[in-house]
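# A look at the structure
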There are 2 protein chains.
Amino acid sequence: MKKKNIWSMITDAGLKKTKIRMNIIDLLEKSNRLLSAQDIYNNFYEKDDSMNLSTVYRTLEKLVEAKIINKIHLEQETQILYEFNHDEHHHFLICKSCNKITPIYGCPLHDYEKELMKETGFMITSHKIEFYGYCIDCQKNM
Amino acid sequence: MKKKNIWSMITDAGLKKTKIRMNIIDLLEKSNRLLSAQDIYNNFYEKDDSMNLSTVYRTLEKLVEAKIINKIHLEQETQILYEFNHDEHHHFLICKSCNKITPIYGCPLHDYEKELMKETGFMITSHKIEFYGYCIDCQKNM
DNA sequence: CTCAATGCAAACCGTTTGCATGCTC
DNA sequence: GAGCATGCAAACGGTTTGCATTGAG
């Protein structure tokens, strides 16, 4: 994503433009996998960019509030993971063997939720699905 | 549940029969809500039954392994929760206002999983759904 | 008598917080 | 210059572990 676009995401959210925020958004946007705070910290640390774990956590918190990124809490993961928010509803396939996490777009719950709400009176506003199993590669090695 | 049945669940799992295990299974079986290790500890502590948090954790671990109870990791909960295993597939409705957790039986994902497996090649072995929203009582107070 | 179960204290680990300093607006 | 952002160190909170002791089979 262009630098200019990221800057404007930051200012549109009422946040101050700082190099750290810019870099973290950029990293998440380019990443093809979910990243933990520690992953992000390591990434910059390895490049000799000074970075502080607390700052990473505080930055991630702000970016989640601003809906620039999503916070993902998966059952089997000890760490909280983050992804760039592409504004597309999705869930995850999680391989129990290699831990690879694959997003899947599309969602089967729309009608079911309507039905559930009618039955229970509970007002459903969101949901979360995790699928567990084995990815193609791991199936081959089994 | 009868004491005898609980004793046999323990021995069937190859575990030694101890008062603590018996009591924890009994408590979970009688509880109408999910309990954390701390909840369980408190319950006995309040009754002046000596109890140790490490032991609670170790006992819960064993009982989960033995499939006598289920371990439930919910996104918004800081603590891991436990329930007696009634061997009925279910998910949870979670009220964002009062935090009440309501189990719902029945599941809409069966066909969808088949379809997903065909599309992706991923072998799905289990899944987890959490529904978030507002329970009837909290809707009234809104 | 043996090995699993328990109690206690300390460690663990991801995350959060208090406070002093730096930097954006 | 005001107030948000950052760095550092310490705290936090749920959970786990090491080790000595107890107790079930």
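Residues numbered from 1 in each chain as written. Chains lettered and ligands numbered in written order. Predicted model: local features only at pLDDT ≥ 70, side-chain atom pairs only at ≥ 80, totals over all residues. Heavy atoms only, no water.

### Examining the environment of Met123 of chain B
Among the structural elements, Met123 of chain B can be located in strand 6 (residues 123-134). Sequence separation of Met123 of chain B and Glu113 of chain B is 10 residues, and the distance between their C-alpha atoms is 9.1 Å. Non-local contacts of Met123 of chain B, meaning those with residues more than four positions away in its chain, are made with Tyr132, Gly133, Tyr134 and Gln139 of chain A together with Met117 of chain B. (Helix = DSSP H or I, 4+ residues; strand = E, 2+ residues; numbered from the N terminus. Contact = heavy atoms within 4.5 Å.)

### Considering the relation of the copies chain A and chain B
For these two chains of identical sequence, chain A goes onto chain B by a turn of 180° and a shift of 0.0 Å along the axis, with RMSD 0.0 Å. What the superposition gives is, in effect, a two-fold axis relating one chain to the other. Every residue of chain A has its C-alpha some distance from the rotation axis, and the shortest such distance is that of Ile129 of chain A, at 2.2 Å. (Least-squares fit on C-alpha atoms with pLDDT ≥ 70 in both.)

### Some details on the interface of chain A and chain B
Taken together, the contact between chain A and chain B spans 34 residues of the former and 34 residues of the latter. For the chain A and chain B pair, buried surface summed over both sides reaches about 2,900 Å², with 64% attributable to carbon and sulfur atoms. Area buried by chain A at its contact with chain B is led by Glu75, Phe122 and Lys128 of chain A, which between them contribute 22% of it. On inspection of chain A and its partner chain B, the count reaches 2 salt bridges. The partner of Glu75 of chain A in a salt bridge is Lys128 of chain B, with the nearest N and O atoms 2.9 Å apart. Counting every contact that joins chain A to chain B gives 14 residue pairs in polar contact (both at pLDDT 80 or more). (Buried area = accessible area lost by both parts, 1.4 Å probe. Salt bridge = Lys/Arg side-chain N within 4 Å of Asp/Glu carboxyl O. Polar contact = N/O pair within 3.5 Å; in protein donor to acceptor, adjacent residues only side chain to side chain.)

### What to know about the environment of Ile24 of chain A
Residues and elements named next belong to chain A. Locating Ile24 in the fold gives a position in helix 2 (residues 19-30). Accessibility expressed as a relative area gives 0% for Ile24, which makes it buried. For the pair Ile24 and Ser97, spaced 73 residues apart in sequence, the C-alpha to C-alpha distance is 29 Å. The contacts of Ile24, once residues within four sequence positions are left out, are Ile40, Phe44, Val56, Thr59, Leu60 and Leu63. (Buried < 20%, exposed > 50% of the residue type's maximum accessible area, 1.4 Å probe, protein only.)

### Thoughts on the pairing of strand 3 (residues 81-84) of chain B
Residue and element names in this part refer to chain B. Residues of strand 3 alternate between two faces, with Leu81 and Glu83 on one and Tyr82 and Phe84 on the opposite face, all of them buried. With 2 bridges connecting them, strand 1 (residues 35-36) and strand 3 associate as antiparallel partners. Pairing of Ser36 across the sheet is with Leu81, part of strand 3. Pairing between strand 2 (residues 69-72) and strand 3: 4 bridges, direction antiparallel. Note on strand 3: the bridge partner recorded for Lys71 is Tyr82. (Pairing = 2+ DSSP bridges.)

### A closer look at the protein's contact with DNA strand C
With respect to spatial proximity, 21 residues lie near DNA strand C, and among them Tyr57 of chain A together with Thr18, Arg21, Thr55 and Arg58 of chain B are the closest. Backbone atoms, meaning sugar and phosphate, form 67% of the atoms of DNA strand C found within 4 Å of the protein. Lys17 of chain A has a polar backbone atom sitting 3.0 Å from a phosphate oxygen of DNA strand C. A distance of 2.9 Å is found between a base oxygen of DNA strand C and a side-chain nitrogen or oxygen belonging to Arg58 of chain A. Ranked by residues supplied to the surface near DNA strand C, first place goes to helix 4 (residues 53-65) of chain B with 5 residues. Per-class residue counts for the surface near DNA strand C are 5 nonpolar, 9 polar and 7 charged. (Near = heavy atom within 4 Å. Nonpolar A, V, L, I, M, F, W, Y, C, P; charged D, E, K, R; others polar.)

### A closer look at the protein's contact with DNA strand D
Inspection of the region around DNA strand D gives 21 residues, with Thr18, Arg21, Thr55 and Arg58 of chain A together with Tyr57 of chain B positioned closest. For DNA strand D, the fraction of atoms within 4 Å of the protein that belong to sugar or phosphate moieties is 62%. Interatomic distance of 3.0 Å between a side-chain N/O atom of Ser54 of chain B and a base oxygen of DNA strand D. For the surface near DNA strand D, the secondary structure elements donating two or more residues are helix 2 and helix 4 (53-65) of chain A together with helix 4 of chain B. Among the elements that take part in the surface near DNA strand D, helix 4 of chain A stands out by supplying 5 residues, more than any other. Tallied by class, the residues present in the surface near DNA strand D amount to 5 nonpolar, 9 polar and 7 charged.

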